[in-house]
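What the coordinates show
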Amino acid sequence: MTEVKSPEVSAPPAAVPDELTEQPGRWGRLRPFLPLVALVVALILPYSTLHLPGIFEGALNSPGTLQLLAVCLVFGGLAAGYDLLFGRTGMLSFGHALYFAAGVYGTDILITRAGLPLWQAAPLAIVGGTILAGLLGAVALRTVGIAFAMVTLAFAQVGAILVARDFGGLTGGEEGLPLDVAGLPDGLVGVTNTVNLYWLALAYLVVVVFVVHRVSGSPTGRVLAGLRDDERRIGVLGLDPYRFKLVAFTLAGGLAAAGGAVYCLIVGGASPHITSSELTLSLLVMVVLGGPGTRWGPVLGGILYMYLDHRLVSFGTSDAVNALPAFLSRPLSQPLFVLGTVFILAVYFFPGGLASLAPRLALLRDSLRPGSRQRG
Amino acid sequence: MDAIILLTLTGLGLAALYFLVASGLSLVFGLADVLNFAHGLFLGVGAYATWWAAGNLPGAGPDGLGFVVAVAFGVAAGTLMAVLVELVLIRPLYSRTIEQVLVTVGLSLAGVALLQATWGADARPFPRPAWTREVTSIFGAQVPNGGLLLIVAAALVLGAILAFLRWTRYGLIIRAGVENREMVTALGIDVRKAFTLVFAIGGAAAALAGALGSVYFGTVSPQQGGSLLIFAFIVVVIGGMGSVVGSAYAAVAVGLLQQFVNYYGTSGLGDICVVALLAVVLLLRPQGIAGKAVTA
Amino acid sequence: MSEPVLTVEDLSVRIAGLHILQGVSFTVAPTGVTVLLGRNGVGKTTTLRAVVGLTPRSGEVRGTVRMGARSLLSQRTHRLVRDGLGYVPEDRCVFAGLTVAENLRLAERRGTTAAYDRVFALFPELDRRSRQRAGSLSGGQQQMLAIGRVLLNDNRLLLVDEPTKGLAPKVVTEVAEVLERVAESVPVLLVEQNLAVVRRLARDAVVLAAGRVAWAGDAQELLLETALTRSLLGVGSVEGHQPASQPAAAASAPEDGN
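All of these numbers come straight from a predicted model, not from anything done at the bench.

1. Let's talk about the interface of chain C and chain B
At the interface, 20 residues of chain C touch 15 residues of chain B. Looking at the side of chain C that touches chain B, the elements with two or more residues in it are helix H2 (77-82) and helix H3 (100-107) of chain C. Residues belonging to the side of chain C that touches chain B are distributed by class as follows: 11 nonpolar, 3 polar and 6 charged.

Below, the structure written as structure tokens:
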């Protein structure tokens, strides 16, 4: 008689990495090429005039659709960067929005208020955001676990207050700060050039994915994974957890600031809601929905979340939903209600997120296939 | 001099609000290790339930005894909500701290959106007794009665919680559990029943904060809980997780600091000072003013 | 030979990927003291904690543990304790912020005056200091409290983890005396490093090494075989127990990783 007790591993809920799960059959041979296929699709997409009614409002290459896609791509990259903290190092930061906002407001203020050209403003904002992450991380990482979450949350709150109270008249307060397009290259201005913003967003996503993969594949990345699993063991090895965590925190902050600079161009300015703790919480939702610590999960989670966040609004006001009784149609018209509920369900039923679905579906398919191996 | 008295009393009013939210958070975290982002939702539920009761519930109203009934209804709703959250959502994830935080995050997003869907995103005027809109003259300072009501309520809640912790068997279990939960079970006590209880206490206090806070501000809105929650978190960390008395001291410190600096400095500077205070406390004394180390 | 009160069969515990116990089997006799021996970090505390259901969540427990006919491993800790498994943990774990009286009140389930009288007869000090905060007691007094609160209830078996650790020699003798009297009515599974205490109390001994049972049998016999004792426990001299460095070493060693 054998009794098994509490076999679950402790948090954070990292799924089995894709590369470790066996992928039988045709699907398995195709799988390594899927990201490439996705990239090719993303590359030819702006040349397509295809209409996908219900999924996008206009044609694929219409400015509205391209802008939505660009925002989705930026958040895919942002979520991948955040996963460097949460999924790959096990740091629960509630203040990641701060570094994103530093990139957005930094770029915006340097262009609009200081009159710098973009090629100076954006790098300055990104460097500034990275330094900010390094400094605040140095303080916050003196604490661990829940206290760390609280400190990062509080720091981000300072950012939100600074922006909202408009000290020195820089941020535009509650109104936000529209970007002064005079400082931008012509190729990034105007509705007809939305496609260039899309390219920029795609490039950002590719860079983030590349950086995160390189880092997590490196010796540093293995130390970070060790920190996630059991910090004491890293300490026993004679490595200083603090320094490795600070590196991850600063790098993630820099990536977020870069995303902020791109986002600022896409939406043409800054508004105070990007400094809110809600944005950090959304990042957490994206990563968990996608699959923390997996290669493509956070990217997928980020893209899907932003897409749903935008599209659920029109879904909520669509005829189909309006026809429902009020007690159903009203909540369904709130994207955050739908996403929050899906998120809770995901924590319970899909702890590995979207990335864990493919192996699970493969298992299901195998067990359903007649004559499949029935061992055990 | 008037200004100082006024700022002190309004600061204490703010502190009362923080304490009502933070005391429950602190107990829940101290005992069950749950960082409850949905705590702001309990506040929202309390506020909206009171608002609804004042207009719709027979016997309840915006004035006199009816107002008391409305607040009692709001507190009951918040308590019920908190108990349901613990039983349905938190308990199945027992001792999986990160997942519990995630669930409360999801709940806070979905819950606020639901309040918004039901009653709209804009602030609504809150029915309140006429006397709460007036001011009382204390040593020459004109102090709003709504603030005084908050201070009195928070003091009563503090006394009640302390008496409960001091004199009852469950209070004993909670105090012991905050210190060493595992050892409580090793004495043959099912500590999870106490989890439900601290959620209920926290939910009730937060709902009361929602109702009386809305009286003070004169309006109710779905986002009210969220903004208060961040400062309540700060109060909990400064005061020490699991310490109700620590929360009370920290709430007073935070409330007064915020009020005075915002008045004599620039508006918003007080909020930043509070965060600076948090950073200083954490660096010098990671376990807060009182309570156990926040390393979980 | 009568039925054992506790039977452990093929017990394996893995915590954070480390195999701490790898198939431990032994029994505890229904009377007297059975002592669990072994070098630091060998898994003595892990064994006791697995029996009482306190393995951390990241750990995995396999095997069988039975008290009489009942299987223990699937039960929650508070149920086991209510069914008569008394547990006195390592480092005493009294509630420092609570008074002595409150510590006792928390533990009592059918707290009769007789039960209190019995405990106060064993530990008169607890009665005198009942309004003092437990955190302000000396190490020896805390140990008395840790044992006393468990004795308020009826137990079928006591698990006692290193009760003399870090105590002054005089207090060690007092604790040993108390355990001797307790063991007259309740069987005890004891983890103990101090061989003088072992010699005084133990009837049976189980020695763990490398996550397995290396030796089991009559405790006094084991102690007579100096060479065997030395190789199993890694102590220099059986007679000269309690070298000054021992408590400090025991405290700093990462015992069982929990």
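2. Structural notes on the UniProt feature "transmembrane region" (unreviewed entry) in chain B
Residues and elements named next belong to chain B. Sites flagged by UniProt as "transmembrane region" (unreviewed entry) map to residues 6-27, 34-53, 65-89, 101-119, 146-165, 194-217, 229-256 and 263-284. Helix makes up 75% of residues 34-53 and strand 0%. Its end C-alpha atoms lie 31 Å apart. Helix makes up 100% of residues 194-217 and strand 0%, with an end-to-end C-alpha separation of 34 Å.

3. As for the sheet that holds strand E2 (residues 18-28) of chain C
Residue and element names in this part refer to chain C. Reading across from one edge, E2-E1-E4-E5 is the order of the 4 strands in this open sheet, with antiparallel pairing throughout. Of all the strands in the sheet, just E2 and strand E5 (70-71) have a single pairing partner and so form its edges. Taken together, the 2 bridges between strand E4 (residues 59-67) and E5 define a ladder with antiparallel strand orientation. If you follow Arg 66 over to E5, its bridge partner there is Ser 71.

4. Quick look at the pairing of strand E1 (residues 6-15) of chain C
All names here are of chain C. By the bridge criterion, 8 bridges tie E1 to E2 in an arrangement that is antiparallel. Residue Ser 12 lies in a different strand from E2, and its bridge partner there is Gln 22. Between E1 and E2, which follow one another and run antiparallel, lie 2 residues, and Ala 16 among them has a positive phi close to 50°. Two elements, E1 and E4, share 8 bridges in a ladder whose sense is antiparallel. Within E4, the position partnered with Val 13 by the bridge is Val 61.

5. Concerning unusual backbone geometry
Even without glycine at this site, Phe 139 of chain B takes up a positive phi of about 50°. Here Phe 139 of chain B lies in the loop between strand E2 (135-138) and strand E3 (141-144). Unusually for a residue other than glycine, Asp 91 of chain C sits at a positive phi of about 60°. Within the element layout of this structure, Asp 91 of chain C appears in the loop between strand E6 (85-88) and H3. Here Asp 91 of chain C falls in the partly exposed class, since 16 other C-beta atoms lie within 10 Å of it.

6. Description of the confidence of the model for chain A
Residue and element names in this part refer to chain A. In the predicted model, chain A carries a mean pLDDT of 82, and the fraction of residues at 70 or more is 88%. Residue range residues 1-23 is modelled with pLDDT below 50. Its contacts to residues more than four positions away, or to other chains, number 53 contacts. Low pLDDT, under 50, characterises residues 371-376; the stretch is placed with 2 contacts to residues that sit more than four places away or in other chains.

What counts and what doesn't
Residues numbered from 1 in each chain as written. Chains lettered and ligands numbered in written order. Predicted model: local features only at pLDDT ≥ 70, side-chain atom pairs only at ≥ 80, totals over all residues. Contact = placed C-beta atoms within 7 Å. Helix = DSSP H or I, 4+ residues; strand = E, 2+ residues; numbered from the N terminus. Nonpolar A, V, L, I, M, F, W, Y, C, P; charged D, E, K, R; others polar. UniProt positions renumbered as here; feature names shortened; annotations may be inferred. Pairing = 2+ DSSP bridges. Buried ≥ 20, exposed ≤ 12 C-beta atoms within 10 Å, placed from the backbone. pLDDT = per-residue confidence, 0-100.

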